[in-house]
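For reference, the chains in residue letters:
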Amino acid sequence: MLRNTISLFLFLFFFSFLSAQNSVIGFSTDNASEQLKLESAFEKNLNATNLDNWMQRMAAEPHWVGTKYGEDNAKWIQKQFKSWGYDAKIETYDILFPYPIERVLELLGPTPYKAKLTAVPVDGDPFTAQGDALLPSYNAFSIDGDVTAELVFVNYGIPKDYEELEKLGISVKGKIVIAKYQGSWRGIKPKLAAENGAIGCIIYSDPQDDGYGQGDVYPKGAYKNKTGVQRGSVMDMPTYPGDVLTPGYAATKDAKRLDRKDAPTITKIPVLPISYEDAQPLLAALEGPVAPTSWRGGLPITYHIGPGPAKVHLKLTFDWKLVPAHNVIATMKGTDFPDQWVMRGNHHDAWVHGANDPVSGMVALMEEARVVGELAKNGQKPKRTVVYCAWDAEEPGLIGSTEWVEDHKKELQQKVVAYINTDGNGRGFLGAGGSHSLQAMVKEVAGTVKDPQTGVSIKERKIAKQMVSGGEDTFSLYALGSGSDYTPFIQHAGIASLNLGFGGENGGGEYHTIYDTYPHYKRFKDPNFAYGVALANTAGRITLRLANADVLPFDFKEWYTTVSGYWEEIKTDADQMRKAVEKHNKLVKSNAFVLASDPQKEFNEPAAKKDVPYLNFAPVQNELASLNTTIKMLSLTNGIQISKAKQEELNQKLIGAERMLTAEKGLPRRPWFKHQIYAPGFYTGYGVKTLPGVREAIEQKDWKEAQEQITVLSNTLQSFNNFLAELNAIIR
Ligand SMILES: [Zn+2]
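Residues numbered from 1 in each chain as written. Predicted model: local features only at pLDDT ≥ 70, side-chain atom pairs only at ≥ 80, totals over all residues. Heavy atoms only, no water.

1. Quick word on the domain arrangement of the protein
Segmenting the protein into domains produces domain 1 (29–95 + 323–548), domain 2 (99–321) and domain 3 (556–731). Placing the centre of domain 1 and that of domain 2 at their C-alpha centroids yields a distance of 31 Å. Buried surface at the junction of domain 1 and domain 2, summed over both partners, amounts to about 3,200 Å²; 61% is from carbon and sulfur atoms. In this assembly, domain 1 and domain 2 are joined by one salt bridge. (Domains from an automatic or database assignment. Buried area = accessible area lost by both parts, 1.4 Å probe. Salt bridge = Lys/Arg side-chain N within 4 Å of Asp/Glu carboxyl O.)

Have a look at this one:
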């Protein structure tokens, strides 16, 4: 008995030793310990001082696409990569980029006011005093325009705000709308305003959202002072991102370009962002109904909706010219599998200085690349090729990365194992999004990286954060919508992708303003670059695992749980919609809505709504059931035991796994977006819609399209199922 207990104990000890020390997804036991040794050498070499120095270099001057300093930065980055042993080149595209020439916004009456449209320099931050070198505040890809009309306040300017306006009987037709930033990606605001008949759009930052309502304002604190203005693109990226004149193909020198008037992703109405100092007189001049409680912001006024009597004049002219976008592409050839690429990227262009966005992420990527280069010089070269990229023109519309992916699409689809994106980085908790086939691997890596403040793993810290706010107690990746350079990789080319960054303890109002500077970053974001190093450590380990794995570390069990969860959500939503309409119509029939007396007649009595039909969900339901069976049988871990030749066959196939989830025809009305599991929402912008074909059709109450998209989705799932069965056949 005793002997048995001892041997059981020894067995358990040995087993836990094995799983703690030598188990890494995708690696044989021997290679796993080699890999872990390599990763700790990698971690030891990471140096926070480099990040600090490089940020000072790159964020010294404004560097939006087309600037001299932007080009300088690209050449300097190339030089660094070369010195670390990479084959580094610059690939340039000629892209359309509007520069503001004329910006006029005035309140004509009742009390005239001319908007200043200028953020002021502040004490202790010399970068904010660079005057004419700073890019004027504007929204890129607003159309030129000269409009005068009454003003209407539309809250965040998202679909449910227009529903509220309709209930109140207020139309924006022929008016200029003023919307708060936030609540959605900014480009949705002019898009919806135009669809509702507005002729101009103003977007302002309300102090409740990222100004004094949140904390002390800059320079005393991190939040937006009264003059700060958020720049940003309003290109219709949910239709297609990238150069507006070359949809779906690269903006090379001789590319055939659309006429600007035919470019569908330029806004239909002029749009301008302003500060809350400039917004206050406009909002104060509105009358009409008092805005609903949830619409009111932090200004010391009563928020009215209008329309009028405030009447405004908005005039915008841009210099529409082609400018060069310089992508830096740095390659280190793999020793064993040079034609399998692991890609890493971050953008280098900024709206102004961009210390946080994008330089904080860029310097982490560079430190990671430096150490990978260092290890290679010591004979520890990656087995697969690693490619580090610094993208240009991300800010105006993911343009540098999109053009590059469109240019090299075929080759990338054959070779790229995965693309790992970073962007601005802060302090706090790991945010990780991406292809759910990579979730198990990312979780494993997050378990090995230590949080700089607490010493627990970044995985534990992330889970603790979720649990405090009532969330799940497991590690998961969020689904990718849009908003950074992973979009062309995953949404268009069907390449497995990740997006990584830390945040949550570095709130501020500097985003896309002249206040996103080195002094601001050092005081409020990540003062010692400890989280910059943590980001390099996390992304670097992921890159090295993908580069050296025996069997590429994909896992479809967690993928299945996630995707079938999305499907359940959709079914529940459709069911609830149908029940709500049934109940509503019953009440209408019984006259429950008729008001006894309504002297102001502000509310229209609701009419009967169109019934929600029963959709036939069975095709997808059936495919999910057979996928479940296939995935339960599929053990990629067993792939470690098969012959090298078979492993190579398996890996070559795994590279194509994500692409099996795309449909060449793309999504309805936006063929550029080919992924059938994740897409940015047509009316949410950056916000993701999962299983977008079916989900958006239901949300738009287009039942015919919903049924068609159920067929499309079930076809995609069926070919994915066949594909996984083929993997299984290789392993067995
Ligand atoms: Zn960015």
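Now that the structure is up, let's keep going.
2. What about the side chain of Thr 538?
Mapped onto the elements, Thr 538 comes out in helix 15 (residues 530–548). Overall, the relative accessible area of 1% leaves Thr 538 in the buried class. A polar atom in the side chain of Thr 538 sits 2.7 Å from the backbone oxygen of Ala 534. With residues near it in sequence (within four places) discarded, Thr 538 still touches Val 445, Val 449, Ile 458 and Phe 502. (Helix = DSSP H or I, 4+ residues; strand = E, 2+ residues; numbered from the N terminus. Buried < 20%, exposed > 50% of the residue type's maximum accessible area, 1.4 Å probe, protein only. Polar contact = N/O pair within 3.5 Å; in protein donor to acceptor, adjacent residues only side chain to side chain. Contact = heavy atoms within 4.5 Å.)

3. Remarks on the coordination of the zinc ion
Taken together, His 347 (NE2), Asp 357 (OD), Asp 423 (OD) and Asp 423 (OD) make up the full set of protein donors to the zinc ion, lying 2.0 to 2.6 Å away. What the four donor atoms of the zinc ion show is an angle range of 53 to 142° at the metal, which sorts the shape as irregular. When the donors of the zinc ion are listed by position in the chain, the intervening gaps give H-x9-D-x65-D. Highlighted residues: His 347 in strand 10 (residues 337–347) and Asp 423 in the loop between strand 12 (416–422) and strand 13 (428–434), separated in sequence by 76 residues. With respect to burial, His 347 and Asp 423 carry one shared label: buried. (Donors = N, O, S within 2.8 Å, 3.2 Å for Na, K, Ca; no water. Tetrahedral: all angles 85-135°; square planar, octahedral: opposite > 155°, others 65-115°.)

4. Quick look at the packing of helix 2 (residues 29–45) against helix 15
Direction vectors running N to C along helix 2 and helix 15 enclose 150°, while the axes themselves pass 10 Å from each other. With respect to helix 15, the element helix 2 is oriented roughly antiparallel. Crossing geometry of helix 2 relative to helix 15 is assigned as right-handed. Contacts from Gln 35, Leu 36, Leu 38, Glu 39, Ser 40, Phe 42 and Glu 43 in helix 2 reach Ala 536, Asn 537, Gly 540, Arg 541, Leu 544, Arg 545 and Asn 548 in helix 15. When the residues that make up the contact of helix 2 with helix 15 are grouped by side-chain class, the tally is five nonpolar, five polar and four charged. (Axes fitted to C-alpha atoms, helices over the stretch in contact; angles between N-to-C directions. Parallel < 35°, antiparallel > 145°, perpendicular 65-115°, else oblique. Left-handed = near helix turned anticlockwise from the far one by under 90°. Nonpolar A, V, L, I, M, F, W, Y, C, P; charged D, E, K, R; others polar.)

5. Here we look at the pattern of salt bridges
Side chains that differ in sign of charge can pair as their charged atoms come close. Under the defined criterion, the tally for this structure stands at 43 salt bridges. A salt bridge links Arg 545 to Glu 39; the shortest N-O distance between them is 2.7 Å. Of this pair, Arg 545 sits in helix 15 while Glu 39 is found in helix 2, placing the two residues 506 residues apart along the sequence. Accessibility assignment for this pair places Arg 545 and Glu 39 in one class, buried. We note a salt bridge from Asp 550 to Lys 644, for which the minimum N-O separation is 4.0 Å. Linking Asp 550 in the loop between helix 15 and helix 16 (556–589) with Lys 644 in helix 18 (residues 644–654), this pair joins segments that are 94 residues apart in sequence. By relative accessible area, Asp 550 is classed as buried at 8%. Judged by its relative accessible area of 60%, Lys 644 falls in the exposed class.

6. Some details on the packing of aromatic side chains
Following the criterion strictly, the structure yields 28 aromatic pairs and no others. Measuring from ring centre to ring centre gives 6.3 Å for Tyr 218 and Phe 524, while their planes differ by 75°; the resulting arrangement is edge-to-face. One end of the pair, Tyr 218, is in the loop between helix 7 (207–210) and strand 7 (232–233); the other, Phe 524, is in helix 14 (residues 518–524), and 306 residues separate them in sequence. One exposure class covers both Tyr 218 and Phe 524, and it is buried. Their ring planes at 55° and their centres at 5.5 Å tell us that Trp 391 and Trp 404 sit as a pair that is tilted. With a gap of 13 residues between them, Trp 391 in strand 11 (residues 384–391) and Trp 404 in helix 10 (residues 399–415) connect regions that are remote in the sequence. The pair formed by Trp 391 and Trp 404 is uniform in burial state, with each residue classed as buried. Counting every residue linked through ring pairs, the aromatic cluster contains Phe 97, Tyr 138, Phe 141, Phe 318, Trp 320 and Trp 351. Positioned above the aromatic ring of Phe 429 is the side chain of Lys 465, whose terminal nitrogen or guanidinium carbon lies 4.8 Å from the ring centre. (Phe/Tyr/Trp six-rings, centres within 6.5 Å; stacked < 30°, edge-to-face > 60°. Lys NZ or Arg CZ within 6 Å of the ring centre and 35° of its normal.)

7. Here we look at the nonpolar core
Within the largest apolar cluster, 215 residues are counted, with the highest numbers of intra-cluster contacts made by Phe 81, Phe 556 and Trp 559. For this core, the leading source of residues is helix 9 (residues 355–377), giving 12 residues. Once residues lying within four places of it in the same chain are set aside, the contact partners of Trp 559 are His 436, Ser 437, Leu 627, Ile 631, Leu 661, Ile 677, Leu 717 and Phe 720. Listed in part, the five residues of the second largest apolar core include Tyr 240, Leu 667, Trp 672 and Phe 673. (Core = buried A, V, L, I, M, F, W, Y, C linked by side-chain atoms within 4.5 Å.)

8. What about the packing of helix 3 (residues 48–58) against helix 4 (residues 68–83)?
At their nearest, the axes of helix 3 and helix 4 sit 10 Å apart, and the two run at 145° to each other. Contacts between helix 3 and helix 4 pair Trp 54, Arg 57 and Met 58 from the former with Tyr 69, Asp 72, Asn 73, Trp 76 and Ile 77 from the latter. A breakdown of the residues in the contact of helix 3 with helix 4 according to their chemical character gives five nonpolar, one polar and two charged.

9. Here's the deal with the pairing of strand 5 (residues 176–180)
Two faces make up the sheet, and in a regular strand the side chains alternate between them. Counted residue by residue, strand 5 has five buried out of five residues, so it is predominantly covered. Of the two faces of strand 5, the one holding Ile 176, Ile 178 and Lys 180 and the one holding Val 177 and Ala 179 are both buried throughout. In terms of strand pairing, strand 4 (residues 145–153) meets strand 5 through three bridges, oriented parallel. When the bridges of strand 5 are listed, Leu 151 appears paired with Ile 176. Pairing of strand 5 with strand 6 (residues 200–204), which is carried by five bridges, proceeds in the parallel orientation. Across the sheet, Lys 180 pairs through a bridge with Tyr 204, a residue of strand 6. (Pairing = 2+ DSSP bridges.)

10. Some thoughts on the side chain of Glu 39
Under the relative-accessibility criterion, Glu 39 is labelled buried at 0%. With near-sequence residues (within four places) excluded, Glu 39 lies in contact with Arg 541 and Arg 545.

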